[in-house]
Amino acid sequence: MPKLKTKSGAKKRFKVTGTGKIKHKRAYKNHILTKKETKQKRRLGNKSIVKKSDLDNVKAMLIL
């Protein structure tokens with residue numbers, strides 16, 4: 001059986017940390033930023049760890 005390929009979209013959006021957790025960029029930080037508070041925009045700028053409920057799907061896309 002051939003090797004499975006990693007989903008190229010997932011490859012660009014997720015990073016695996018040294019401890020095996022998966023980081024991602026938060027949503028809602030691309031446009032229509034004038035109506036969002038500075039505090040919200042600052043919080044959305046940080047990376048976040050993928051939630052447990054989504055972890056299996058992300059790992060399948062990254063073939064981990």
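Everything here concerns the structure above.
Residues numbered from 1 in each chain as written. Predicted model: local features only at pLDDT ≥ 70, side-chain atom pairs only at ≥ 80, totals over all residues. Heavy atoms only, no water.

A.B. asks: Can you tell me about the overall build of the chain, naming the residues and giving the values?
C.D. replies: If you tally the helices and strands in the chain, you get three helices and three strands. Reading the chain from its N terminus to its C terminus gives the helix and strand order α-β-β-α-β-α. Computed over its C-alpha atoms, the radius of gyration of the chain comes to 15 Å, more than 25% above the 11 Å expected for a compact globule of 64 residues. C-alpha atoms of the chain, sized along the principal axes, occupy 50 × 25 × 20 Å. In the chain, which comprises 64 residues, the proportion classed as buried is 14%. (Helix = DSSP H or I, 4+ residues; strand = E, 2+ residues; numbered from the N terminus. Rg over C-alpha atoms; globule rule 2.2 N^0.38 Å. Buried < 20%, exposed > 50% of the residue type's maximum accessible area, 1.4 Å probe, protein only.)

A.B. asks: Could you give me a rundown of unusual backbone geometry, with the residues and numbers involved?
C.D. replies: Positive phi values are uncommon outside glycine, yet Tyr-28 reaches one of about 70°. By secondary structure assignment, the location of Tyr-28 is in the loop between strand 2 (22-25) and helix 2 (38-44). A positive phi angle is found at Ile-32, which is not glycine, with a value near 55°. Within the secondary structure, Ile-32 is located in the loop between strand 2 and helix 2. On the basis of relative accessibility, which here comes to 45%, the residue Ile-32 falls in the partly exposed class.

A.B. asks: Pulling in residues and values, what's your account of the environment of Ile-22?
C.D. replies: Structurally, the position occupied by Ile-22 is in strand 2. Classification of Ile-22 by relative accessible area gives buried; the value is 0%. When the C-alpha positions of Ile-22 and Ile-49 are compared, they lie 5.7 Å apart, and in sequence the two are 27 residues distant. For Ile-22, the contacting residues outside a window of four places in its chain are Phe-14, Lys-15, Val-16, Ser-48, Ile-49, Val-50, Leu-55, Val-58, Lys-59, Leu-62 and Leu-64. (Contact = heavy atoms within 4.5 Å.)

A.B. asks: Describe the side chain of Lys-36, with residues and values.
C.D. replies: Mapping Lys-36 onto the fold places it in the loop between strand 2 and helix 2. Polar contacts involving the side chain of Lys-36 include one to the main-chain carbonyl oxygen of Tyr-28, which spans 3.0 Å. Of the polar contacts made by the side chain of Lys-36, one reaches the backbone oxygen of His-31; its length is 3.3 Å. Once residues lying within four places of it in the same chain are set aside, the contact partners of Lys-36 are Tyr-28, His-31 and Lys-41. (Polar contact = N/O pair within 3.5 Å; in protein donor to acceptor, adjacent residues only side chain to side chain.)

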